[in-house]
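# Chains, contacts and geometry: an overview
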Amino acid sequence: MLTVNSIVVAYSAAPVLREVSLDVSAGEIVSLIGANGAGKTTLMKTLSGLLACIRGTITFGDRNLTTLSPAEIVRAGISQVPEGRRVFREMSVQENLEMGAYSRHHGADIAGELTEIFSIFPILRERRGQLAETLSGGEQQMLAIGRALMAKPKLLLLDEPSMGLAPKMVARIFEVIAEIRRRGTTVFLVEQNAAMALHYSDRAYVIETGRILMAGPSKDLAGNPRVAAAYLGKH
Amino acid sequence: MLEAIQQAATGLAIGSVYALVALAFSVTVRALNQINFATGELFMLGAYLGITLTATIGFPFWVAVIATAIAVSVIGVLFEKIAYRPLFRANAGHPGRLHILIICSTIGTSIFLQNAAMLIWGAQALPFPKVFDPEPFRFQGIVIPVEYFWVTGVAMVLMGALNVFLQGTWIGKGLRAAAQDRETAALMGVSLPAADSWTFGVSAGIGAVGGLLIGAMSFAYPTMGAAFVLKGFTAAIMGGLGSIRGAIVGGFLLGLAESLVIAFISSVYKDVVAFALLLVFLQFRPTGLLLKPVQTRV
Ligand SMILES: Nc1ncnc2c1ncn2[C@@H]1O[C@H](COP(=O)(O)OP(=O)(O)OP(=O)(O)O)[C@@H](O)[C@H]1O
Ligand SMILES: [Mg+2]
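Described below are features of the structure shown in this document. All chains use their own residue numbering, which begins from 1 and follows the written sequence. Working convention: letters from A go to chains and numbers from 1 go to ligands, in the order in which they are written. Totals for whole chains, interfaces and linings use every residue, but because this is a predicted model, local features are given only for residues with pLDDT of at least 70 and side-chain atom pairs only at 80 or more, for both listing and counting. In computing side-chain properties, one takes all heavy atoms of the structure into account and sets aside hydrogens as well as water.

With that settled, consider the overall build of chain A. Numbering of helices and strands runs from the N terminus, with a helix taken as a DSSP run of H or I at least four residues long and a strand as a DSSP run of E at least two residues long. A count of helical and extended segments in chain A gives 10 helices and 10 strands. Whereas a compact globule of 235 residues would reach a radius of gyration of roughly 18 Å, chain A reaches 17 Å, a difference of no more than 12%. Along the longest, intermediate and shortest principal axes, the C-alpha atoms of chain A span 45 × 40 × 30 Å. Here chain A, with 235 residues, has 53% of them falling under the buried criterion. Note on contacts: a residue pair is in contact if any heavy atoms of the two residues lie within 4.5 Å. Counting contacts in chain A only where the partners sit at least 6 residues apart, residues at least 24 apart contribute 68% of the total. Per-residue and other accessible areas were derived by the Shrake-Rupley procedure at a 1.4 Å probe size, with only the shown protein chains allowed to occlude residues. Taken as a whole, chain A presents about 9900 Å² of accessible surface, with 51% of it coming from carbon and sulfur. Counted charges follow a simple rule, with Lys and Arg positive, Asp and Glu negative, and His plus the chain ends left uncounted. For the purpose of locating charges, the reference atoms are NZ of Lys, CZ of Arg, CG of Asp and CD of Glu. Within chain A, one finds 26 positive and 23 negative side-chain charges whose respective centroids are separated by 2 Å. Radius of gyration here is computed from C-alpha atoms only, and the compact-globule reference equals 2.2 Å multiplied by the residue count raised to the power 0.38. For each residue, the accessible area found with a 1.4 Å probe, counting protein chains only, is set against the maximum for its type, and the residue is called buried under 20%, exposed over 50%, and partly exposed in between.

See below:
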């Protein structure tokens, strides 16, 4: 479904992503784990078209995404929950969700998706009139996920959905991610919380200083001594 | 007392124009964190176009208002494409440098527009044609020129229209999202280049209507922008630079403050009011009345 082929991405001088290749098939949950500054967010921004590749290609189905604008990529069926949630703080919960459907143009009938998202996150229905900045961190993460789902994506990108959340909330968010896949959306997520990411994903990649170091079924990687030592805190 | 009421009516009319200039500033500050120093010249163009459209072409006043707003909005969009976007693209990673370049580019544009106006309309002041009933409104000894009602009314309708545009339309929602967080707005599918064009277009159109309304109360001249820009900027600072509601509140407050000084002290001190308020606000409340003192925008 998504194929990333040897992409190189840089901000100014030295490349941050060096010949990164990976693929995601329809129906999978695939995770990418890596330490601070490894280039995970850079990859996510490139997939959504916020950053351009110097070399390499990204294809989605039979479409080449490499030269598309962020708006065209959302319309092609990829939406993102950015790192740090990035809800529109001065907008209400409802307006944030409406912004998620922005790419579907106005007049689009969003009532169905709203109902579906409220069924996944009942708390958002209760808070729909409230400004997003008044929500707790976990509620904001739910809102950010709900907002991305409003675009009706085929592929959902999540950049560190567990960041800064209490363990209980982290578990809840991963349950929701599994639920989203069951409802038919493919998921590609980036995490520093390797234990949770490996537990909930089918396959995983390990990134270190801009290169893919390892790849394989998540179970195998979780059992790999190098991964265990570097990312699971086991020695 | 009569004098005070009469001055308050003037204050409301003038204040609504200050509010429009303040809005013109705040729209670009809010969306792009940039001050457009050509705002005064877009204002001046509005005054001249208003005169040309009513006197030469013979449009009714309200048609001239709409036509001026659209024409100067188009100039604002062209400005964004020619004088803003190339600099923005080339300096996207260097906000400090971009600020300086935008200041230069907007000041350059203002000089260009002033000279263009002098070439087209001449250097002398042009009076507004007599489109309003010369018989003022009279009520129990209060005398208010008819154009004051027009000026206040048109400004208020425009503010209402801006509010509907930003809150209720698809493009307006995209602009609000982009003003809060450009990158995330782009992730939602908002086209940032289009949003920036709209921002400059809307700002220019609002400023131009402000100029047209001032023209309707007095006359137009090529350097008229400078005087009103300082007032409008003061109004924007008073309400909170970058706040839409703040611009409106600041504009009316400044207009009323000036008119009360005229009524109770002396018209000699009229212009002192704005400068004094500007200094006081910059010193003690730089974020204005309506923005939180410490802004956290991440
Ligand atoms: N806007 C930027 N300009 C220049 N360099 C940047 C920029 N953003 C990130 N970098 C650099 O690129 C590298 C990768 O950053 P990135 O944000 O992709 O890492 P990450 O894996 O997402 O880290 P984290 O887990 O902390 O979120 C880092 O060395 C970082 O300093
Ligand atoms: Mg990151």
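Once you've had a look at it, read on.
With that out of the way, let us pick up the packing of aromatic side chains. Residue and element names in this part refer to chain B. Each Phe, Tyr or Trp ring, with Trp reduced to its six-membered ring, pairs with another whose centre is within 6.5 Å; inter-plane angles below 30 degrees give stacked pairs, above 60 give edge-to-face pairs, and intermediate values give tilted ones. If you walk through the whole model with that rule in mind, you get 15 aromatic pairs over all chains. An angle of 75° between the planes, with centres 5.3 Å apart, marks the rings of Phe 137 and Phe 149 as edge-to-face. Of this pair, Phe 137 sits in strand β2 (residues 137-139) while Phe 149 sits in helix α5 (residues 146-168), and the two are 12 residues apart along the sequence. A relative accessible area of 44% means that Phe 149 is categorised as partly exposed.

Once that is clear, we can look at the coordination of the magnesium ion (ligand 2). Residues and elements named next belong to chain A. Protein-derived coordination of the magnesium ion (ligand 2) comes from Thr 41 (OG1) and Glu 83 (OE), at a distance range of 1.8 to 2.2 Å. Placement of Thr 41 in helix α1 (residues 40-47) and of Glu 83 in the loop between β6 (78-81) and α3 (93-100) is noted, with a sequence separation of 42 residues between them. A residue is classified by how much of its surface remains accessible, and Glu 83, at 28% relative accessible area, is partly exposed. Listed donor atoms are N, O and S within 2.8 Å of the metal (Na, K and Ca: 3.2 Å). As water is not included, a site may look incomplete.

Here we take up the packing of helix α3 (residues 61-90) of chain B against helix α4 (residues 95-121) of chain B. Residues and elements named next belong to chain B. Note on definitions: angles span 0 to 180 degrees between N-to-C directions of axes, and those axes are lines fitted to C-alpha atoms, for helices only across the stretch in contact. Relative orientation of the contacting elements α3 and α4 amounts to 160°, with a least axis distance of 10 Å. Considered as vectors, α3 and α4 are oriented roughly antiparallel to each other. In this structure, α3 crosses over α4, and the sense of that crossing is right-handed. Along the contact surface, α3 presents Phe 79, Ala 83, Tyr 84, Leu 87 and Phe 88, while α4 presents Leu 98, Leu 101, Ile 102, Ser 105, Thr 106 and Thr 109. Under the grouping applied here, Gly and all other residues not named as nonpolar or charged are polar, the nonpolar ones being Ala, Val, Leu, Ile, Met, Phe, Trp, Tyr, Cys and Pro and the charged ones Asp, Glu, Lys and Arg. Tallied by class, the residues present in the contact of α3 with α4 amount to eight nonpolar, three polar and no charged. Here the word oblique covers every angle except those under 35 degrees (roughly parallel), over 145 (roughly antiparallel) and from 65 to 115 (roughly perpendicular). Each crossing gets its hand from how the near helix is turned against the far one by less than a right angle, where anticlockwise is left-handed and clockwise is right-handed.

On to the side chain of Arg 85 of chain B. Inspection of the secondary structure assignment puts Arg 85 of chain B in helix α3. Residues within four places of Arg 85 of chain B in sequence aside, it is in contact with Glu 80, Pro 193 and Ser 197 of chain B.

Here we take up the packing of helix α6 (residues 137-149) of chain A against helix α7 (residues 167-182) of chain A. All names here are of chain A. Two elements in contact, α6 and α7, have axes whose closest approach is 10 Å; the angle formed by their N-to-C orientations is 15°. Relative to α7, the element α6 is oriented roughly parallel. Here α6 and α7 pass one another in a crossing that is right-handed. Of the residues in α7, those touching α6 at Gly 138, Gln 141, Met 142, Ile 145 and Leu 149 are Met 169, Arg 172, Ile 173 and Ile 180.

Here we come to the pairing of strand β1 (residues 2-10) of chain A. Residue and element names in this part refer to chain A. Note: β1 against strand β2 (residues 15-24), six bridges, orientation antiparallel. Bridging across to β2, Leu 2 finds its partner in Val 24. Note on pairing: DSSP must find at least two bridges between two strands before they are called paired. One ladder, built from five bridges, connects β1 with strand β4 (residues 55-60); its direction is antiparallel. Looking at the pairing, Val 4 lines up with Ile 58 of β4.

Before going further, it helps to spend a moment on unusual backbone geometry. At Arg 85 of chain A, a residue that is not glycine, the phi angle is positive and equals roughly 75°. By the element assignment, Arg 85 of chain A lies in the loop between β6 and α3. For Asn 33 of chain B, which is not glycine, the phi torsion reads 60° and is therefore positive. Position of Asn 33 of chain B relative to the elements: it lies in the loop between α1 (2-32) and α2 (39-56). Exposure remark for Asn 33 of chain B: the relative accessible area of 51% places this residue in the exposed category.

All right, on to the nonpolar core then. The term nonpolar core refers to a set of buried residues drawn from Ala, Val, Leu, Ile, Met, Phe, Trp, Tyr and Cys, joined through side-chain atoms within 4.5 Å. Counting residues in each nonpolar core, the largest one holds 79 residues, and the members touching the most others are Met 99 of chain A together with Leu 20, Leu 23, Phe 61, Leu 213, Ile 214 and Met 217 of chain B. When near neighbours in sequence (up to four residues on either side) are disregarded, Leu 20 of chain B contacts Ala 155, Leu 158, Met 159, Ile 206, Val 209, Gly 210 and Leu 213 of chain B. Counting 47 residues, the second-largest nonpolar core is a separate cluster that includes Phe 174, Ile 177, Ile 180 and Leu 198 of chain A.

Listed as interface residues are 20 residues of chain B and, on the opposing side, 23 residues of chain A. Throughout, buried area stands for the accessible area (probe radius 1.4 Å) lost by two parts on being put together, summed over both. For the pairing of chain B and chain A, the buried interface totals around 2100 Å² over both sides, and the portion due to carbon and sulfur atoms is 58%. Together, Trp 170, Leu 187 and Met 188 of chain B form the three largest contributors to the area buried by chain B at its contact with chain A, with a combined 38%. Basic side-chain nitrogens of Lys or Arg form a salt bridge, by our definition, when they fall within 4 Å of a carboxyl oxygen of Asp or Glu. Run the count over chain B and chain A and you get five salt bridges. As a salt-bridge pair, Arg 176 of chain B and Glu 95 of chain A come within 2.7 Å of each other at their nearest N and O atoms. Any N or O atom pair separated by 3.5 Å or less is treated as a polar contact, with the protein-specific requirement of one donor-capable and one acceptor-capable atom, and with residues adjacent in sequence counted only for side-chain atom pairs. At the boundary of chain B with chain A, the tally comes to 10 residue pairs in polar contact (both at pLDDT 80 or more).

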